[in-house]
Each structure stands twice: as structure tokens, then as C-alpha cells.
Amino acid sequence: MTIYKEMEYKMRLPDFEKLAEGQEGQYKWMVISLGTHPCAYVCIPKDHPFYDKDYWDIDDRIQVHGGLTFSGKIRGCDDFCFGWDYAHCGDHTWLMGWESGDDKKWTTKEIVNECLNVIKQFRSYEENR
């Protein structure tokens, strides 16, 4: 596991910034910043039963903050990933030059812990190989 830096809330970045990444067995994960808010991704192995599924088809099976909001391939990675974001009601964001006050500011470590929890959930659906 590698944590590169802490989440810094600011204006939208022209590109995403990688905050942390790692791999647990066959599962890769990544935490990124868009500037305004963080996002997280877990990439699953090709032989997983959820591989190539739309996130809304499995959203009720994976419990994560705000629910899954992405499925597919992300730039710079050839693996199939599921993702979620931290721009929900109650989350601190920086949108349109306005900060959302006392809402929760997620730390990179907290998001990494959610990635590891999501990997445990995906593993519970693995078929016997």
C-alpha cells in the first residue's frame, strides 16, 4: 500500500491526482482527488462474477459510502473497476468556488480503509476457483 498525500479540498483540478494505491491479492485499488472531492476505485479480476457488470446491477450487494457510482475502465488502467465518490450530502466539497462548511472532510486513510472493506465484500462473492 502506498499513500502519496492527504486529500486537499480545492478548486477542480484539470486532471485527477492520485492520493493512494495498492493491491490486495488480485484486487487493485486507487484513491484519487478531483480537487473538489475524492473518489475511490477497486479493480476486480477477470474471473470474478461481477466482472463487466454495470454498477447499478450490483449496488445493493456492495456497501460503501454513497453507493457505487462507476463501473468500467479508468484512464491508465486496463482492469475493470468499480468506483464511488465522496461528494454526497454531508460530505465536504469545493464546488463553484464555495466550500461546504462543516461537512465531513474525508482523509486519504479513511478512504483507503473503505477500499479494503470493499475488497473484502467482493471476495465474499468469488466463485470457487
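Residues numbered from 1 in each chain as written. Predicted model: local features only at pLDDT ≥ 70, side-chain atom pairs only at ≥ 80, totals over all residues. Heavy atoms only, no water.

**Q** How would you explain the state of the cysteines if you had to name every residue and give the values?
**A** Here, disulfide denotes a covalent bond that connects the sulfur atoms of two cysteines. Using the criterion set out here, one finds one disulfide in the structure. Here cysteine 43 pairs with cysteine 81 through a disulfide, and the sulfurs are 2.2 Å apart. The chirality of the disulfide connecting cysteine 43 with cysteine 81 is right-handed, given an S-S dihedral of about 65 degrees. On the criterion of sequence distance, the pair formed by cysteine 43 in strand E4 (residues 38-44) and cysteine 81 in strand E6 (residues 80-85) is long-range, its members being 38 residues apart. On the accessibility criterion, cysteine 81 (0% relative accessible area) is buried. No disulfide involves cysteine 89; its nearest neighbouring cysteine sulfur is the one of cysteine 39, lying 17 Å away. Looking at cysteine 89, the relative accessible area reads 83%, which means it is exposed. Between cysteine 115, a free cysteine, and cysteine 43, which holds the nearest cysteine sulfur, the sulfur-to-sulfur gap is 9.8 Å. (Disulfide = S-S within 2.5 Å. Helix = DSSP H or I, 4+ residues; strand = E, 2+ residues; numbered from the N terminus. Buried < 20%, exposed > 50% of the residue type's maximum accessible area, 1.4 Å probe, protein only.)

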